[in-house]
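Coordinate inspection notes
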Amino acid sequence: MLHNFKASLNHEREQAARADLFYREVLKVTDIKRFNTDSEVDMEMQRQDVDLLLTLNGTTYRISEKFRDKDYGDLYIEVYSKYPKTLGWLHTGSPNAILYFTPESVYWITHKSLSSFCLHTLFPLIPAALYEELFQSHKTVVSKELLLKGESIKINLIQAHNRDGVAWETIGISIPFEVLEKNGVKIRKF
């Protein structure tokens, strides 16, 4: 399946009004500053995986927004933005939190706890050969079982085949929220 990067980006931008309503009505933020104009300053923030700043109870948070059309009970984590040379948003980002929107729920995920778990525990369990196998197969999704702290867990390796004049592959994993929480990732569901 081909992934249209521009269409995906436009879809995310269309979600801004819904997200802003959530921020104002549910979180009761006092200020929202978005970085979505493609200006040099905004693009610098985007490269840090910071989509906006939210001011809540006098504190300003750097937020990365993610949107999914369905709640699968898991989090998709981009490992490679452009396989195999460009690492994904978890490696390169610097937000305080990821706000993960699904049609029914919003998840506030503390970036520091997610990054620590993934970089120090989860990612080292995934052999580089698995990413290469997925890449060579041209498949979109491959399910794998891993042994995490003595417990068998299921993850999905997901490959997006991007075409926008040039071609590139984005590869990430999806992992159930319950596994993340069990391993110290701080998640609040709204």
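We now turn to the structure provided with this report. Please read these numbers as outputs of a predicted model, since none were measured by experiment. (Residues numbered from 1 in each chain as written. Predicted model: local features only at pLDDT ≥ 70, side-chain atom pairs only at ≥ 80, totals over all residues. Heavy atoms only, no water.)

1. Remarks on unusual backbone geometry
- Of the consecutive residues Y83 and P84, the connecting peptide bond is found in the cis state with omega at 0°.
- Within the element layout of this structure, P84 appears in the loop between β5 (74-82) and β6 (86-87).
- In this structure, D49 is a non-glycine residue whose phi angle is positive, near 60°.
- Looking at the element boundaries, D49 is found in the loop between α3 (40-47) and β3 (52-56). (Helix = DSSP H or I, 4+ residues; strand = E, 2+ residues; numbered from the N terminus.)

2. Brief notes about the sheet that holds strand β2 (residues 31-34)
- In space, the six strands of this open sheet follow the order β2-β3-β4-β7-β8-β12, with mixed pairing throughout. Looking at strand neighbours, the two that pair on one side only are β2 and β12 (187-189), the edges of this open sheet. Adjacent strand axes in the sheet meet at a mean angle of 25°, parallel and antiparallel pairs treated alike.
- Note that strand β4 (residues 59-67) and strand β7 (residues 97-101) share five bridges and pair parallel. Within β7, the residue paired with F67 across the bridge is F101. (Pairing = 2+ DSSP bridges. Axes fitted to C-alpha atoms, helices over the stretch in contact; angles between N-to-C directions.)

3. Quick notes on the pattern of salt bridges
- Applying the stated rule across the entire model yields seven salt bridges.
- Its salt-bridge partner being R47, residue E44 comes within 3.4 Å of it at the nearest N-O pair. In this pair, E44 and R47 both sit in helix α3, three residues apart, roughly one turn of the helix.
- Judged by relative accessible area, R47 falls into the exposed class, the value being 52%.
- One salt-bridge network, in which partners are shared between bridges, spans D20, R34 and E65. (Salt bridge = Lys/Arg side-chain N within 4 Å of Asp/Glu carboxyl O. Buried < 20%, exposed > 50% of the residue type's maximum accessible area, 1.4 Å probe, protein only.)

4. Here we look at the side chain of R68
- For R68, the location among the structural elements is in the loop between β4 and β5.
- At 2.4 Å, the side chain of R68 forms a polar contact with the side chain of D74.
- Setting aside residues no more than four positions away along its own chain, R68 makes contact with D74, L75, Y76, Y100, F101, T102, P103 and S174. (Polar contact = N/O pair within 3.5 Å; in protein donor to acceptor, adjacent residues only side chain to side chain. Contact = heavy atoms within 4.5 Å.)

5. Regarding the side chain of S105
- In this fold, S105 is placed in the loop between β7 and β8 (106-110).
- Apart from the residues within four sequence positions on either side, S105 is in contact with R18, D71, Y100, K189 and F190.

Geometric values such as these leave the question of function open.
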